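Fold and contact review
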Amino acid sequence: MARVYAIANQKGGVGKTTTAINLGAALAEQGCRVLVVDFDPQANATSGLGRNPHQEAPSIYEALLDQVPLEAVIVPLALPRLALAPAALRLAGAEVELVGLLAREQRLRRILRPVLGAYDYVLIDCPPSLGLLTVNALTAADGILIPVQCEYLALEGLGQLIRTIDLIRDNLNPSLRIVGLVLTMFDARTNLAQQVVDEVRRHFGALVFETVIPRTVRLSEAPSFGQPILQYDAHSRGAQAYRSLAGELLARDRGREGGTA
Ligand code: ADP
Ligand code: MG
């Protein structure tokens, strides 16, 4: 059964989508079967993986509203073992349309269930808010991965995110855990970036992944070619960083398995 991880932080522009795409690709490269679920109405993961978010084909939106099974919206990608449940811009309406529905927080969890056997990892790319879509993602997830940008005020908003996680745990998903914090867009030329790394590590200790994702132009270019960095520039620093992150995640997950065996 797949491990389901939500990639969430209500701040925009911190590297959620970049991490969903490239961690997904790196896990697939290591032999895992990976489904990336684009759960942001901006559909950046969809376009970043080379799919058109303006198309009429069924998307995660139709699956969420029970118009089609999730299986019918999943598309394979150029990288073996990597698949996408695309978003469409109309997903923005779901935030309101879900409100009147029964078990509105649990719709994503329910539609994912039938496909979990086909994957090792499901990565949910969340929108930059703590609205109903993110609540659905956190209710469906075994864990949350939190990208943190190595910038001024990096920790701002994390308190609110942690409180939301606690609320979801208490009310909707008792097994939700923080898988880890991922430091992103690290610029070695600035003192500030190193100060942020130190501060986040001081606060969150071992929850922070050792791997730090560097700020690189190649990583920001890859989405406009519709490719993960592992495909666009397989030997770049960005690609190596996401491989290293995937390795750490796999080690953590194996450690958990070992612990319960
Ligand atoms: P979010 O999904 O949290 O809004 P994105 O992953 O879309 O954040 O990243 C925001 C912007 O920063 C995008 O234009 C993306 O290409 C760019 N970006 C993300 N990570 C990096 C990085 N490590 N180096 C350079 N640019 C990055
Ligand atoms: Mg995004």
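Here is a short report on the structure shown in this document. Only a predicted model underlies this, so the values are computations on that prediction, with no experimental measurement involved.

Another point: the pairing of strand β5 (residues 121-125). Of all five residues in β5, five are buried; the element is thus mostly enclosed. By the alternation rule, side chains of β5 split into Y121, L123 and D125 and V122 and I124, which are all buried. Bridge count between strand β1 (residues 3-7) and β5: five bridges; the pairing is parallel. Counted as the bridge partner of A6 is I124 from β5. When strand β2 (residues 34-38) meets β5, the two strands line up parallel, connected through five bridges. Across the sheet, the residue bridging to L35 is V122, located in β5.

The final tally for this structure, using the stated rule, is one cavity of 30 Å³ or more. Approximately 30 Å³ is the volume found for the largest cavity. As for the largest cavity, its lining consists of N52, P53, Q55, A57, P58, S59, P86, A87, A88 and R90. Taken together, the residues of the lining of the largest cavity sort by class into six nonpolar, three polar and one charged.

Burial analysis of helix α6 (residues 132-140) places nine of its nine residues in the buried class, the great majority of the element. Buried residues of α6: L132, L133, T134, V135, N136, A137, L138, T139 and A140, and no others.

Before going further, it helps to spend a moment on the site of ligand 1. Residues in close proximity to ligand 1 total 14 residues, the closest being G13, K16, T17, T18 and P214. Between ligand 1 and P214 there is a distance of 2.8 Å, counted from a nitrogen atom to a backbone nitrogen or oxygen. Sorting the residues of the shell around ligand 1 by element identifies α1 (16-29), β8 (208-214) and α9 (217-221) as the ones contributing at least two each. With three residues, α1 is the largest single contributor of residues to the shell around ligand 1.

Each value, and the rule that gives it
- Residues numbered from 1 in each chain as written.
- Chains lettered and ligands numbered in written order.
- Predicted model: local features only at pLDDT ≥ 70, side-chain atom pairs only at ≥ 80, totals over all residues.
- Heavy atoms only, no water.
- Buried < 20%, exposed > 50% of the residue type's maximum accessible area, 1.4 Å probe, protein only.
- Helix = DSSP H or I, 4+ residues; strand = E, 2+ residues; numbered from the N terminus.
- Pairing = 2+ DSSP bridges.
- 1 Å grid on protein atoms, 1.4 Å probe; cavity = no way out; pocket = protein on both sides within 12 Å on 5 of 7 lines; lining within 4 Å.
- Points joined across faces, edges and corners; volume = space filled by probe spheres on them.
- Nonpolar A, V, L, I, M, F, W, Y, C, P; charged D, E, K, R; others polar.
- Near = heavy atom within 4 Å.
- Polar contact = N/O pair within 3.5 Å; in protein donor to acceptor, adjacent residues only side chain to side chain.

Remember, this is a structural readout, not a statement about activity or role.
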